[in-house]
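Coordinate analysis (summary)
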Amino acid sequence: MKVFITGEPGVGKTTLFFKVVDALKKKGVKVGGFYCPEVREAGVRVGFKMVDLETGKWEWLARVDTKSDIKVGKYYVLHDAEKIVEQLSRRIQGYNVIAIDEIGPMELSLPKVKEFIEASLSSDKHVFAVVHRKVRLKGDYNFTVTIENRDSLPAEILKVLSSI
């Protein structure tokens, strides 16, 4: 089962993502994957990290001040993030759910990250993912997060995932 959430920036997608992931873990579901929080310095966003959900280990996904061969918007996408998915790939069979925040242009611009995402989506594993509004993916269940529904959606998504 593939369950995707999307929505405008700042609407609460990541908060919803963690509510669902935390609830699944409390039920004993083995969840693995990654999330990509923004990094701010002196109140200014300077980049994004890629963090392993299980171990907390992280690498830089993108920065404004570090050059690389891939650029998305004002950010240089760094191959360091591929180390996270290499580690995840070795543990993937142990997960009931692969959780990803997010599937977006930066993540898809890195070959090994794109390969991990594609392998996850084509596997028999359940996938719960935040999908960037500009990326077109169709899941078994697709939810658009809004300010009006963001508090009720976790229960609805957990109901969908209750068969796990």
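Residues numbered from 1 in each chain as written. Predicted model: local features only at pLDDT ≥ 70, side-chain atom pairs only at ≥ 80, totals over all residues. Heavy atoms only, no water.

**Re the pairing of strand β8 (residues 97-103)**
This is how it is decided: Relative accessibility thresholds used throughout: buried, under 20% of the residue-type maximum; exposed, over 50%; partly exposed, between the two (1.4 Å probe, protein chains only). Only runs of H or I of at least four residues qualify as helices and only runs of E of at least two qualify as strands under DSSP, and these elements are numbered from the N terminus. In this scheme, strands are said to pair when DSSP sees at least two bridges between them.
Among the seven residues in β8, seven count as buried, and that is most of the element. In terms of strand pairing, β8 meets strand β9 (residues 126-131) through six bridges, oriented parallel. Bridge pairing in β9 places Asp101 opposite Val130.

**Here's the deal with helix α4 (residues 111-122)**
Our working rule: Any helix carries an expected span of 1.5 Å times its number of residues minus one. Taken from the helix axis, the directions to the C-beta atoms give the arc we talk about.
The terminal C-alpha atoms of α4 lie 16 Å apart, and with 12 residues this matches the ideal 16 Å at 1.5 Å per residue to within 8%. Listing the buried residues of α4 in full gives Val113, Phe116, Ile117 and Ser120. Within α4, the buried residues cover an arc of 95° as seen down the axis, which keeps them to one side. Seen from the open side of α4, the exposed residues pointing more than 90 degrees away from its buried face are Pro111, Glu115 and Ser122.

**Section: the environment of Gly33**
Selection rule: Note on contacts: a residue pair qualifies if any of its non-hydrogen atoms lie within 4.5 Å across the two residues.
As for its position among the elements, Gly33 is in strand β2 (residues 31-35). Taking the C-alpha atoms as reference points, Gly33 and Ile100, separated by 67 residues in sequence, lie 5.5 Å from one another. The residues contacting Gly33, other than those within four sequence positions of it, are Val51, Asp52, Leu53, Leu88 and Ala99.

**Considerations on the packing of aromatic side chains**
Cut-off, in case you're wondering: Classification of ring pairs uses Phe, Tyr and Trp, with its six-membered ring standing for Trp, and accepts pairs whose centres are within 6.5 Å; under 30 degrees between planes counts as stacked, over 60 as edge-to-face, and the remaining range as tilted. The criterion for a charge sitting over a ring is simple: Lys NZ or Arg CZ within 6 Å of the ring centre, and within 35 degrees of the ring normal.
Applying the stated rule across the entire model yields six aromatic pairs. Ring centres of Phe17 and Phe18 lie 5.3 Å apart, and the angle between their planes is 85°; on these two criteria the pair is classed as edge-to-face. Take Phe17: its relative accessible area is 0%, and that puts it in the buried class. The class for Phe18 is partly exposed, based on a relative accessible area of 24%. Taking the ring centre of Trp58 as reference, the NZ or CZ of Lys49 above it sits at 4.0 Å. Against the face of Trp60 rests Arg63, its NZ or CZ located 4.2 Å from the ring centre.

**Regarding the pattern of salt bridges**
Rule in force here: By definition here, a salt bridge exists when the distance from a side-chain nitrogen of Lys or Arg to a carboxyl oxygen of Asp or Glu is within 4 Å.
Within the structure shown, the criterion is met by nine salt bridges. The closest approach of N and O atoms between Glu41 and Arg63, which form a salt bridge, is 3.9 Å. Placement of Glu41 in strand β3 (residues 38-41) and of Arg63 in strand β5 (residues 58-63) is noted, with a sequence separation of 22 residues between them. The salt bridge involving Arg63 is made with Asp65; its shortest N-O contact spans 2.7 Å.

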